[in-house]
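As a plain string of letters, each chain reads:
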Amino acid sequence: YNRLPRKCESDIAYVLDPIIATSNTVMSVISILKKWKVAKIHVITVIASEDGLKTISKAHPDVQITVGTIDKELTDDGTLLPGIGDAGDRLFGTPMIDDDDEALLHPSKRRKTSIDES
């Protein structure tokens, strides 16, 4: 998804990504910015995997990267270990709920309970 203007009038782009694990997302962003002819790109992240940073550095040695801390390990599904959890959940306070939780349903679709069942 790209909503950049057709003409680039920027000399530098700051890419803010809270977590870089596999680096797939930030690699796509960097490629888009380079096609847009941004002269200087600076990626800023809170936490990143060693593998993700190596991937970025190898493909784009001209891109500056500032990182708060580096995690050495990724899980099989590409999640940082130990990581910091989901940035969106932390930012928006999304509660952890069970998929079967009726709170996810519209009130009209919830099971009717009697007062005695509490």
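About the cut-offs
- Residues numbered from 1 in each chain as written.
- Predicted model: local features only at pLDDT ≥ 70, side-chain atom pairs only at ≥ 80, totals over all residues.
- Heavy atoms only, no water.
- Helix = DSSP H or I, 4+ residues; strand = E, 2+ residues; numbered from the N terminus.
- Buried < 20%, exposed > 50% of the residue type's maximum accessible area, 1.4 Å probe, protein only.
- Contact = heavy atoms within 4.5 Å.
- Areas by Shrake-Rupley, 256 points an atom, 1.4 Å probe, with all protein chains shown as cover.
- Expected span 1.5 Å × (residues − 1).
- Arc of directions from axis to C-beta.

Details of the overall build of the chain
- Secondary structure summary: the chain contains three helices and six strands in total.
- Counting helices and strands in the order they occur from the N terminus, the chain gives β-β-α-β-α-β-β-β-α.
- Here the chain holds 118 residues, and the buried ones make up 24% of them.
- Long-range contacts, defined as pairs at least 24 residues apart, comprise 56% of the intrachain contacts of the chain with a sequence gap of at least 6.
- Put simply, the chain shows about 9,100 Å² of open surface, and 53% of that area lies on carbon and sulfur atoms.

Here we look at the environment of Val 29
- Along the polypeptide, Val 29 turns up in helix H1 (residues 24-35).
- Note: C-alpha distance between Val 29 and Asn 2 (27 residues apart in sequence) is 9.1 Å.

Describing H1
- Helix length check: H1 (twelve residues) gives 17 Å between terminal C-alpha atoms against 16 Å at 1.5 Å per residue, within 8%.
- Every buried residue of H1 is listed here: Val 26, Met 27, Ile 30 and Leu 33. Each buried residue of H1 lies within a common arc of 125 degrees when the element is viewed along its axis, so the set occupies one face. Opposite the buried face of H1, at more than 90 degrees from it, the exposed residues are Asn 24, Thr 25 and Lys 35.
- Lys 37 sits one or two positions beyond H1 and adopts a positive phi of about 70 degrees.

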